[in-house]
Number of protein chains: 2
Amino acid sequence: MEKIQQLKERFDAFIKGVEFVKRPQGLYEPVAYTVLQKGKRLRPMLCLLACDLFGGEYHEAEYPALALETAHNSTLIHDDIMDQSPIRRGMETVYKKWDTNQAILSGDAALGMAFDFAMRTHRPVETLSLLTHAMLEIDEGQQMDMEFETRKEVSIPEYLEMIRLKTAVLMATSLQIGAVVAGADDDDQRHLYDFGIGIGMAFQLQDDILDCYSDVSVFGKVTGVDIVENKKTLMYLKALELASPEQKERLMALFSGEVSLHPQRKIDEVIALYDDLGVKAEVERLMADYYRQAYAALEAVKLPEERKIHLRRYAEMLSGRNK
Amino acid sequence: MEKIQQLKERFDAFIKGVEFVKRPQGLYEPVAYTVLQKGKRLRPMLCLLACDLFGGEYHEAEYPALALETAHNSTLIHDDIMDQSPIRRGMETVYKKWDTNQAILSGDAALGMAFDFAMRTHRPVETLSLLTHAMLEIDEGQQMDMEFETRKEVSIPEYLEMIRLKTAVLMATSLQIGAVVAGADDDDQRHLYDFGIGIGMAFQLQDDILDCYSDVSVFGKVTGVDIVENKKTLMYLKALELASPEQKERLMALFSGEVSLHPQRKIDEVIALYDDLGVKAEVERLMADYYRQAYAALEAVKLPEERKIHLRRYAEMLSGRNK
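Residues numbered from 1 in each chain as written. Chains lettered and ligands numbered in written order. Predicted model: local features only at pLDDT ≥ 70, side-chain atom pairs only at ≥ 80, totals over all residues. Heavy atoms only, no water.

What follows is about the nonpolar core. Counting 239 residues, the largest nonpolar core has Leu192, Phe195 and Tyr274 of chain A together with Leu192, Phe195 and Tyr274 of chain B as the members making the most contacts within it. Once residues lying within four places of it in the same chain are set aside, the contact partners of phenylalanine 195 of chain B are Leu175, Ala294, Tyr295, Ala297, Leu298, Leu311 and Ala315 of chain B. (Core = buried A, V, L, I, M, F, W, Y, C linked by side-chain atoms within 4.5 Å. Buried < 20%, exposed > 50% of the residue type's maximum accessible area, 1.4 Å probe, protein only. Contact = heavy atoms within 4.5 Å.)

Below, the structure written as structure tokens:
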């Protein structure tokens, strides 16, 4: 735990000292506003822990970690325009606080800054190559997500592929980049990448569950947002799979906007249906499968098990966010 | 002339064979739609000619040239949203043909693809570093341009700095990347960069002139668009400098939207004023200065003058676009 805490504090201190706001200030202020918001620094932490796992120097992973955080934030700035989300992490989003044009341009600048940061290591080509491919895959995932909104039917494999691209790939890439800068061999890089895919998938499925079964005071997220916005999450797709023909029809009607209910009544009805069908347990089962896959990949890394304790603990902390 | 033609044909053939559309197609189709539009391939040509100048292999510059074209198009896709421009190169823009969200996301993907292409050379780090910095400077130029729209006063140096960032830097970077992959030394890289800044500035100033003094049938651009849209180009800023107090007041009123005239009447009145003040000759003088600076930088390159003939011809072709 100490190691995790120590890396987090060191990275938080580092990021505070980075000069985000250059001229023209209007371009860079929204980037600083977004990247400097307090957060768990998930992707940087994965990168730093992976580097540490292979005995790499902290400072070799520092700028790549910042690159990952900045690149992630560039996608958030643009996604919030596309999704018209006014609030993130309890703060106004960039397009809301400034305007759409500023959010487009500052999001572009954030991505440019991320590439600039990614080069500041002794392995710039591999780091940049991994980051570039991850960013394209995130765009592909976002494209699928947008297309799902207007599609009547989405299959579970399609949904899982979408969240792999949109969420898991950058977590996996963060780990791989940490491994690369620490000099890990190709096999171990691949194991860490697979570990990241596993925890990334589980992480997103847990998000899907938390939307239905969590508490605003703990998570700062309004419960049931996915339901109100007719998001075809795994909760919904699993429910369709398990539902009787009548239940299926009702659920599809509720998620198509055909039936208009007061939001809270809609949330209550959908969650009651999920409860009836045992959807939560099903999604939790799949989540546990992904965690198992993740730990198996971590075990395959050619290092003594005691070295892996910090990454394992970090993954456990992630999986424990509903406790 | 033959060399220019030959490089253009080779690059056009190459770009046709590049696989732009991967899955999900919805993401990549707008990129292909934009990049594959017929054009003069200005940035690729500068890169290829610079590589050739230093005796570099064509194939080392091919992907960097494509990276420059794709990166340039990523900025156009986003700029057209910000400027609400429905038409470019006689075709519907991406945000108009698809929608804003698609244009944001496909523009992001285009930038990611550009970085991927930029790595496909034996000098990936320098190429990526130069491209990254140029992209950030373009964003800075676009930021200044957006801020100028709502500002009452813009100085001529500020305007020149804006077009340097928004237009000239990527042309200069295209030349420098061609020089880098051909193995030119730092001094010669800098000379080519400076040559690019000179022709880039002149190129943009000529655009400013052509808006007032050209013909739709030749350029596919509606004359006077900058005037109708109250763009503070160098024509306008020079006019303010040369105007009497009364003329200045009238011009500022016309460009602030205070006075509302039929577009053609506004264009006619403004151009008549420009004619009176001799604005065109003043801007042409500055343009000629930039060309002179450009040619001086090219002369400083440590190579026999006969090797430089193609780049010089290419720059002359650019400067002759109003003939």
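It is worth spelling out the interface of chain A and chain B at this point. Contacts between the two partners involve 34 residues from chain A and, on the opposite side, 34 residues from chain B. Taken together, both faces of the contact between chain A and chain B bury some 3100 Å²; the carbon and sulfur share is 70%. Here chain A is connected to chain B by zero salt bridges. At the level of elements, helix H2 (25-35), helix H4 (58-82), helix H6 (100-118) and helix H7 (124-150) of chain A are the ones that each hand at least two residues to the side of chain A that touches chain B. (Buried area = accessible area lost by both parts, 1.4 Å probe. Salt bridge = Lys/Arg side-chain N within 4 Å of Asp/Glu carboxyl O. Helix = DSSP H or I, 4+ residues; strand = E, 2+ residues; numbered from the N terminus.)

In the superposition of chain A on chain B (RMSD 0.0 Å, axial shift 0.0 Å), the rotation amounts to 180 degrees. Such a turn and shift between the copies fits a two-fold axis. When each C-alpha of chain A is compared by its distance to the rotation axis, valine 125 of chain A comes out closest, at 3.2 Å. With an isologous cut-off of 70% or more, the 100% of interface residues of chain A that recur at the interface of chain B puts this contact in the isologous class. (Least-squares fit on C-alpha atoms with pLDDT ≥ 70 in both.)

Take helix H12 (residues 234-242) of chain A next. Because each turn of an α-helix spans 3.6 residues, side chains separated by three or four positions end up pointing in the same direction. Residue and element names in this part refer to chain A. With respect to burial, H12 is a largely interior element, seven of its nine residues being buried. Of the residues making up H12, those classed as buried are Leu234, Met235, Tyr236, Leu237, Lys238, Ala239 and Leu240. Summarising the contacts, the buried residues of H12 are in contact with helix H8 (156-181), helix H9 (186-212), helix H13 (245-256), helix H14 (263-277) and helix H15 (279-300). Measuring from the side-chain oxygen of the N-cap residue of H12 to the backbone nitrogen of methionine 235 gives 3.2 Å; that N-cap residue is threonine 233. (Polar contact = N/O pair within 3.5 Å; in protein donor to acceptor, adjacent residues only side chain to side chain.)

The next subject is the pattern of salt bridges. All names here are of chain A. With the rule as written, the count across this model stands at 44 salt bridges over all chains. Measuring nitrogen to oxygen at the nearest pair gives 3.0 Å for the salt bridge that ties lysine 238 to glutamate 241. Of this pair, lysine 238 and glutamate 241 are both found in helix H12, three residues apart, which corresponds to roughly one turn of the helix. Across the pair lysine 308 and glutamate 305 runs a salt bridge whose closest N-O atoms are separated by 2.7 Å. Judged by its relative accessible area of 38%, glutamate 305 is partly exposed. Among the charged side chains, a salt-bridge network with shared partners connects Lys8, Asp12, Arg41 and Glu69.

Residue and element names in this part refer to chain A. Within the structure shown, the criterion is met by 17 aromatic pairs over all chains. For the pair phenylalanine 14 and tyrosine 63, a centre-to-centre distance of 5.1 Å together with 90 degrees between the ring planes defines the contact as edge-to-face. Here the residue phenylalanine 14 occupies a position in helix H1 (residues 2-17), and tyrosine 63 occupies one in helix H4, the gap between them amounting to 49 residues. Grouping aromatic residues by their ring pairs yields a cluster made of Phe11, Phe14, Phe20, Tyr63 and Phe117. In this structure, lysine 97 is placed above the aromatic ring of tryptophan 98, and the distance from its NZ or CZ to the ring centre is 5.7 Å. (Phe/Tyr/Trp six-rings, centres within 6.5 Å; stacked < 30°, edge-to-face > 60°. Lys NZ or Arg CZ within 6 Å of the ring centre and 35° of its normal.)

This part takes up unusual backbone geometry. Between arginine 23 of chain A and the following residue, proline 24 of chain A, the backbone shows a cis peptide bond with an omega angle of -5 degrees. Relative to the helices and strands, proline 24 of chain A is located in the loop between H1 and H2.

For residues with low pLDDT, the predicted coordinates do not support detailed interpretation. In this model, chain A carries an average pLDDT of 94, and 96% of its residues clear a pLDDT of 70 or more. Here the complex is predicted with pTM 0.95, and the ipTM for its interfaces comes to 0.95. (pLDDT = per-residue confidence, 0-100.)

Residues and elements named next belong to chain B. For helix H14 (residues 263-277), built from 15 residues, the straight-helix expectation of 21 Å at 1.5 Å per residue is met to within 8% by its first-to-last C-alpha distance of 21 Å. Within H14, burial applies to Lys266, Ile267, Val270, Ile271, Leu273, Tyr274 and Leu277. In an axial view of H14, the angular spread of the buried residues amounts to 155 degrees, which keeps them on one side of the axis. What points out from H14, more than 90 degrees from its buried face, is the exposed set Arg265 and Asp276. Buried positions along H14 lie against helix H9 (186-212), helix H11 (225-228), helix H12 (234-242), helix H13 (245-256) and helix H15 (279-300). Just downstream of H14, glycine 278 is the residue with a positive phi angle, here 70 degrees. (Expected span 1.5 Å × (residues − 1). Arc of directions from axis to C-beta.)

Residues and elements named next belong to chain B. By the secondary structure assignment, leucine 7 is in helix H1 (residues 2-16). As a C-alpha pair, leucine 7 and leucine 48 span 41 residues in sequence and 7.1 Å in three-dimensional space. Excluding anything up to four places from it in sequence, leucine 7 contacts Met45, Leu48, Leu49 and Tyr58.

So, about the environment of glycine 224 of chain A. Residues and elements named next belong to chain A. Within the element layout of this structure, glycine 224 appears in the loop between helix H10 (216-219) and helix H11 (225-228). Residues glycine 224 and glutamate 316, 92 residues apart in the sequence, show an inter-C-alpha distance of 25 Å. Glycine 224 has contacts with Asp211 and Ile267, leaving out every residue within four places of it along the chain.

Moving on, we come to the side chain of serine 319 of chain B. Within the secondary structure, serine 319 of chain B sits in helix H16 (residues 309-319). Once you skip the residues sitting within four places of it in the chain, serine 319 of chain B turns out to touch Gln206 and Tyr291 of chain B.

This brings us to the side chain of asparagine 73 of chain B. All names here are of chain B. Along the polypeptide, asparagine 73 turns up in helix H4 (residues 58-82). At 3.1 Å, the side chain of asparagine 73 forms a polar contact with the side chain of arginine 89. Ignoring sequence-local partners within four residues, the contact set of asparagine 73 consists of Thr34, Val35 and Arg89.

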